[in-house]
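# Examination of the molecular architecture
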Amino acid sequence: MIALGIETSCDETSIAVYSTEHGTLCSKIFSQADIHAHFGGVIPEVASRNHIKKIKPLYDECINESKISAKDIDIIGVTNAPGLIGALFVGVSFAKGLGYALNKPVMPVNHLAGHILSAELSYPDLRPPYTAIIISGGHSHIFDVDEALNFSLICRTIDDAAGEVFDKTAKVMGGPYPGGIYIQNMAENGDRNKIKFPTAFKNELKFSFSGLKTSVMNTINKGEYSNEDIAASFQYTIAKTLADKVFYVANQMNRDKIVVGGGVAANKEIRRVFNELRGSKSVYFPEISRCTDNGEMIAYAATRFYKFRKFLNYKGSAYDTKHSIGLL
Ligand code: KG4
Ligand code: ZN
């Protein structure tokens, strides 16, 4: 089966072609990060307009480089939730138009399910059941995924997402947007045990990062510690908070495999701490290039969800849960 994957939920326009026989034939990502960096965050209307500009050229390039013709596509997977509504509309409308023109089914794919399943692209033998944690600019969510690909949300943040705290900390330190890599680099020359930052809800099935964020902001403003030590201590606190919770959930659900996904999963310290604390569990991080938003994970997810035969009809739209698959 050949799947086309379309991803436009935030500020990456991405198209990929995935073959169940030959793997990924092409994956193209146009990141708008430089455009939004100027504003210090993603401007939804600007994101939508850039998706409109880029989606068709990326699609053409992807088909050419895959050395297939459009009629070889068996299924079109498209992110339909969650994300910026205007940005999602661009991808969903493009997918529906293409599906109609080529007479191919269009499968709506939940973005978080895409992030989770992208670990299977990096580890081809990996299959559920597993515990999955998605850490990104918008999410800090833990799911249980069973053999039948049912995704159950077990734990989520009640306020900020992990990525938001990285971005906010970088901003206050005078760094760029997005700030995850800036903090990671800054932390390399700091002491992770220098400052004790708070962790909320230690033994409950929820995250909260706003207290940590405030504590980090206050520490920066006081000027008692170097930015290097603050970055290292903050990064270690968030890594340990995430790891402790995901291992706790995995134990509760009796799962021995942990899948990590989303942009923040690219972080080196988070990888290190998860491995330090994993005990007898196996931890699966996708390759760094697969952590941030991409169409490859959506194409792959479409092939994994194909058995459900849940396609978009001409009325199907972004955020249409009736036509969304993988997660509600
Ligand atoms: O998954 P993603 O590309 O987009 C969303 O769906 O949000 O994640 C973007 C987030 C940003 O907050 C960015 O700062 C963070 O991922 N990020 C990192 C690293 N690389 C990207 N955070 C920490 N360390 C990194 N190396
Ligand atoms: Zn994402």
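Everything numeric here is computed off the predicted structure, so don't read it as measured data.

In this section: the overall build of the protein. In terms of regular secondary structure, the protein is built from 10 helices and 11 strands. Over its C-alpha atoms the protein spans a radius of gyration of 20 Å, differing by no more than 12% from the 20 Å that the globule rule assigns to 328 residues. Along the longest, intermediate and shortest principal axes, the C-alpha atoms of the protein span 65 × 45 × 30 Å. Across the 328 residues that make up the protein, the buried fraction comes to 55%. By sequence separation, contacts in the protein at least 24 residues apart represent 71% of the contacts at least 6 residues apart. Of the roughly 14100 Å² of accessible surface on the protein, a fraction of 49% belongs to carbon and sulfur atoms.

Time to look at the packing of helix 5 (residues 162-172) against helix 8 (residues 227-253). Where helix 5 meets helix 8, the axes come as close as 11 Å, and the angle between the chain directions of the two elements is 175 degrees. Our classification of the angle between helix 5 and helix 8 gives roughly antiparallel. In this structure, helix 5 uses Ala162, Val165, Phe166 and Thr169 to contact helix 8, whose residues at the interface are Phe234, Gln235 and Ile238. Class assignment for the residues of the contact of helix 5 with helix 8 results in 5 nonpolar, 2 polar and no charged.

In this section: the site of ligand 1. Inspection of the region around ligand 1 gives 20 residues, with Gly137, Asp167, Gln184, Gly263 and Asn267 positioned closest. In the environment of ligand 1, an oxygen atom lies 3.1 Å from a nitrogen or oxygen atom belonging to the backbone of Gly180. Within the side chain of Asn267, a nitrogen or oxygen atom sits 3.0 Å from a nitrogen atom of ligand 1. About the coverage of ligand 1: the protein hides 89% of its 550 Å² of free accessible area.

Strands sit in the order 9-8-7-6-10-11 across an open sheet of 6 strands; the sheet is mixed. Either end of the sheet is taken by a strand with one partner, and the two such strands are strand 9 (206-207) and strand 11 (282-284). Where strand 6 (residues 130-135) and strand 10 (residues 257-261) come together, 4 bridges link them in parallel fashion. Note on strand 10: the bridge partner recorded for Thr131 is Ile258.

Our focus in this paragraph is the sheet that holds strand 4 (residues 75-81). If you trace the 5 strands from one edge of the open sheet to the other, you get 3-2-1-4-5, paired in mixed fashion. Among the strands making up the open sheet, the edge pair consists of strand 3 (23-31) and strand 5 (106-110). Between one strand and the next, the sheet's axes are offset by a mean angle of 20 degrees, whatever the strand orientation. With 4 bridges connecting them, strand 1 (residues 2-7) and strand 4 associate as parallel partners.

This part is about the domain arrangement of the protein. Taken domain by domain, the protein holds domain 1 (2-115 + 291-323) and domain 2 (126-288). Domain 1 and domain 2 are separated by 27 Å when their C-alpha centres are compared. Counting residues at the interface gives 16 residues for domain 1 and 21 residues for domain 2. Between domain 1 and domain 2 lies a buried interface of about 1400 Å² when both sides are counted; carbon and sulfur atoms form 67% of it. For the pair domain 1 and domain 2, the interface holds 0 salt bridges. Counting the contacts that link domain 1 with domain 2 gives 4 residue pairs in polar contact (both at pLDDT 80 or more). Mapped onto the side of domain 1 that touches domain 2, the elements with two or more residues apiece are helix 1 (33-37), helix 4 (111-122) and helix 10 (295-305).

In this section: the coordination of the zinc ion (ligand 2). The zinc ion (ligand 2) binds to the protein through His111 (NE2), His115 (NE2) and Asp293 (OD), with metal-donor distances spanning 2.1 to 2.2 Å. Angles of 91 to 153 degrees at the metal separate the 4 donor atoms of the zinc ion (ligand 2), which places the site in the irregular class. Linear spacing of the donor residues for the zinc ion (ligand 2) on their chain is H-x3-H-x177-D. Of this pair, His111 and His115 are both found in helix 4, 4 residues apart, which corresponds to roughly one turn of the helix. For the pair His111 and His115, one class covers both residues: buried.

What follows is about helix 2 (residues 44-66). Along its 23 residues, helix 2 runs 31 Å from first to last C-alpha, staying within 8% of the 33 Å computed at 1.5 Å per residue. At Lys54, helix 2 shows its maximal kink, close to 35 degrees; a proline, Pro57, follows between one and four residues later. Among all positions of helix 2, only Ala47, Ser48, Asn50, His51, Ile55, Leu58, Tyr59, Cys62, Ile63 and Ser66 are buried. Residues of helix 2 that are buried sit in contact with strand 1, strand 2 (12-19), strand 3, helix 1 and helix 3 (85-102).

Under the defined criterion, the tally for this structure stands at 16 salt bridges. For Asp144, the salt bridge goes to Arg255, with nearest N and O atoms at 2.8 Å. Of this pair, Asp144 sits in strand 7 (residues 140-145) while Arg255 sits in the loop between helix 8 and strand 10, and the two are 111 residues apart along the sequence. One exposure class covers both Asp144 and Arg255, and it is buried. Among the salt bridges present, the one from Arg192 reaches Glu269, with a minimum N-O distance of 3.0 Å. Here Glu269 lies in helix 9 (residues 268-277) and Arg192 lies in the loop between helix 6 (180-187) and strand 9, a separation of 77 residues in the sequence. For Arg192, a relative accessible area of 24% gives the class partly exposed. Shared partners join several salt bridges into a network, and the residues in it are Arg192, Glu269, Arg272 and Glu276.

The rules behind each value
- Residues numbered from 1 in each chain as written.
- Chains lettered and ligands numbered in written order.
- Predicted model: local features only at pLDDT ≥ 70, side-chain atom pairs only at ≥ 80, totals over all residues.
- Heavy atoms only, no water.
- Helix = DSSP H or I, 4+ residues; strand = E, 2+ residues; numbered from the N terminus.
- Rg over C-alpha atoms; globule rule 2.2 N^0.38 Å.
- Buried < 20%, exposed > 50% of the residue type's maximum accessible area, 1.4 Å probe, protein only.
- Contact = heavy atoms within 4.5 Å.
- Areas by Shrake-Rupley, 256 points an atom, 1.4 Å probe, with all protein chains shown as cover.
- Axes fitted to C-alpha atoms, helices over the stretch in contact; angles between N-to-C directions.
- Parallel < 35°, antiparallel > 145°, perpendicular 65-115°, else oblique.
- Nonpolar A, V, L, I, M, F, W, Y, C, P; charged D, E, K, R; others polar.
- Near = heavy atom within 4 Å.
- Polar contact = N/O pair within 3.5 Å; in protein donor to acceptor, adjacent residues only side chain to side chain.
- Pairing = 2+ DSSP bridges.
- Domains from an automatic or database assignment.
- Buried area = accessible area lost by both parts, 1.4 Å probe.
- Salt bridge = Lys/Arg side-chain N within 4 Å of Asp/Glu carboxyl O.
- Donors = N, O, S within 2.8 Å, 3.2 Å for Na, K, Ca; no water.
- Tetrahedral: all angles 85-135°; square planar, octahedral: opposite > 155°, others 65-115°.
- Expected span 1.5 Å × (residues − 1).
- Bend = angle between axes of the 7 residues up to and from the residue.

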